[in-house]
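# Per-entry structural report
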Amino acid sequence: MRASKYIFLAMLVVTSLLIAACGPLEQIMQQVQQGQATPVPEMLTARAQTETVLLTEQAYTPTRTATPTKTLTPTATITPFPAATLRPTITLASNASGGGSGVVLTPIPSLTKIPLPTNTPRPTSTPPCDGASFVADVTVPDGTVYVPGARFTKIWRLKNVGTCTWSNTYTLNFKSGDQLNGPLAIPLPQPVAPGQTVDVPVNMVAPLFDGSYRGNWILKNGSGAEFGIGSGYKSSIYVDIRVSAASGGVLFDFVSTSCNATWQSQASGALPCPGKDGDTGGFVYIQTAPRLEDGAVDGDPALITAPHQTTDGFIRGIYPAFTPITGDRFKATIGCDYGTSFCDVIIQVDYKIGNNPIQTLYQKNEVLDGVNTTVNIDLSPYAGTPIQIILTVLSNGPAANDRAQWLFPHIYRAPGTPITPGPSPTRTPGPTATPTLTSTPTLTPLPTNTLVVRPSPTP
């Protein structure tokens, strides 16, 4: 019992001493935290030991204080814009309540509306009184090769894009370059209202020397004022050919010169050229980009010739005379026009010398069977003799949609042959202040008994 008392007294004395020592040590530690004193290791050790004893003695358990929740307060109010909904700019910034980061919404400045320019329509230009546009080269495409002295007819297809009608006082006139033995001026073949097209033919002759040739042509109205095609309607139309004796080539083109021939049928002593498609009296016209019997499209022009729509009707075109030489050949591809399912014709290449009767060089019965025929006739037996070539088509019995096609009929002259130029076409006088159209001459039909009609072949 006495021993227990002594132990309790000893512990009481030690505890009192420790509590007494804690006061000054606590004051010193506060001064260290406030920067008013510098701690030494002994002081820190003593405090640590003292706190250990106190914690052990009193079984001290500290209570944790929860960190207060931070409340984010926006620093600005977003005002929606009337024109569009815009996203605000989000900026991270320190929260004033301590320690964290907050979201600060920075408003976007208002957009200034820029008015769009008014779409003012362009003023529509007023078409001129006289203006033309080029449609096509009906014959003689650019770069066509002829032998020296070859005769051909250049045909332009033009459209009236002005507001004035081209009357019979309008002309096509040579302007510059190579005239190619053409006229100085030629009246338009017919009146042309605004929006209509017209084919304008000019007879020409290839020069006698090899080379490239180009001639420019311009339109004139009744007052002599020039106009053409292109920008401002001031550009010329032109013909462009090449002449070569060494390579051989076309001496005579029956397509481009078709309206230089005299066309006849039983119905009329003189058919118009070009004719009107469907004319029951017979007709002829130029077909560009022709379609052959098998449906293939050819790049060379063709002639479509339809006989008088009657039993054993015919049509023939008598061309001006020319003088062949040894080696000259007549070439063509013949057949029925594409799509004429009941076509049944006899196609002939005839000729005439002077006032002698018409004779036949070649004859072929053609029906629409998908196959065209190549014609190649040697004219050497007639060398040195002026002859007229005649293209003839006859209905083989009753006429029923008979339309014969001549693909690029021409006289071919072999390379290196002597130059024998044909006669020059009649030159039209230059235009006067008020030119007039040349009337079509009256053609005297040949006697009907001069036509050699072959019997129809047995089917």
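Just above, that's the structure.
As a further point, take the overall build of the protein chain. Assigned secondary structure in the protein chain consists of two helices and 21 strands. Accessible area of the protein chain: about 25800 Å², with a carbon and sulfur share of 57%.

Our next topic: the packing of aromatic side chains. Counted according to the given criterion, the structure contains 13 aromatic pairs. Where Trp156 meets Trp217, the ring centres are 6.2 Å apart and the plane angle is 50°; that geometry is what we call tilted. With Trp156 in strand β4 (residues 144-160) and Trp217 in strand β8 (residues 211-220), this pair connects stretches of sequence that are 61 residues apart. Comparing Trp156 with Trp217 shows no difference in burial state: the two are buried. Between the aromatic rings of Phe252 and Phe322, the centroid separation amounts to 6.3 Å while the plane-to-plane angle is 15°, which identifies the pairing as stacked. Note that Phe252 is positioned in strand β11 (residues 249-253) and Phe322 in the loop between β15 (314-318) and β16 (329-336), a separation of 70 residues in sequence.

Moving on, we come to the sheet that holds strand β18 (residues 359-367). Strand order in the open sheet formed by five strands is β12-β15-β20-β17-β18, and the pairing between neighbours is antiparallel. Edge positions in the open sheet fall to β12 (262-265) and β18, since each of these has one partner strand only. Each adjacent strand pair in this sheet contributes to an overall mean axis angle of 15°, direction not counted. Bridge analysis of β12 against β15 gives four bridges, and the strand direction is antiparallel. Its bridge partner lying in β15, Gln264 is registered against Arg316.

What follows concerns the state of the cysteines. Scanning the entire structure with this criterion turns up three disulfides. The partner cysteine of Cys129 in its disulfide is Cys164, sulfur to sulfur 1.8 Å. Judged by the sign of its S-S torsion, about -120°, the cystine formed by Cys129 and Cys164 is left-handed. Of this pair, Cys129 sits in the loop between β2 (101-106) and β3 (132-137) while Cys164 sits in the loop between β4 and β5 (171-177); the two residues are 35 residues apart in sequence, bridging distant segments of the chain. Judged by relative accessible area, which is 35%, Cys129 ranks as partly exposed. Through a disulfide, Cys259 is tied to Cys273; the S-S separation comes to 2.1 Å. Here the disulfide of Cys259 and Cys273 is left-handed, its torsion about the S-S bond being about -80°. One end of the pair, Cys259, is in the loop between β11 and β12; the other, Cys273, is in the loop between β12 and β13 (283-287), with 14 residues separating them in the sequence. Assessed through its relative accessible area of 37%, Cys259 is described here as partly exposed.

Reading guide: rules and limits
Residue positions within a chain follow its written sequence, with the count starting from 1. With pLDDT at 70 or above as the cut-off, local features in this predicted model cover only qualifying residues; side-chain atom pairs require 80 or more to be listed or tallied, and sums for whole chains, interfaces and linings still use all residues. Excluding hydrogens and water, the side-chain values take into account all heavy atoms of the structure. The secondary structure listing takes helices from DSSP runs of H or I that are at least 4 residues long and strands from runs of E that are at least 2 residues long, numbered from the N terminus. Values of accessible area rely on a 1.4 Å probe in the Shrake-Rupley scheme; residue burial ignores everything except the protein chains shown. Aromatic rings from Phe, Tyr and Trp, with only the six-membered ring used for Trp, were paired whenever their centres fell within 6.5 Å, and each pair was classed as stacked if the ring planes differed by under 30 degrees, edge-to-face if by over 60, and tilted otherwise. The cut-offs for exposure are 20% and 50% of the maximum accessible area for each residue type, with area from a 1.4 Å probe on protein chains only; residues under the lower value are buried, those over the upper are exposed, and the others partly exposed. Between any two strands, at least two bridges found by DSSP are needed for them to pair. For helices, the fitted line uses only the C-alpha atoms of the stretch in contact; every axis is such a line through C-alpha atoms, and the angle between N-to-C directions lies from 0 to 180 degrees. To count as a disulfide, a pair of cysteine sulfur atoms needs to be within 2.5 Å.

Remember, this is a structural readout, not a statement about activity or role.
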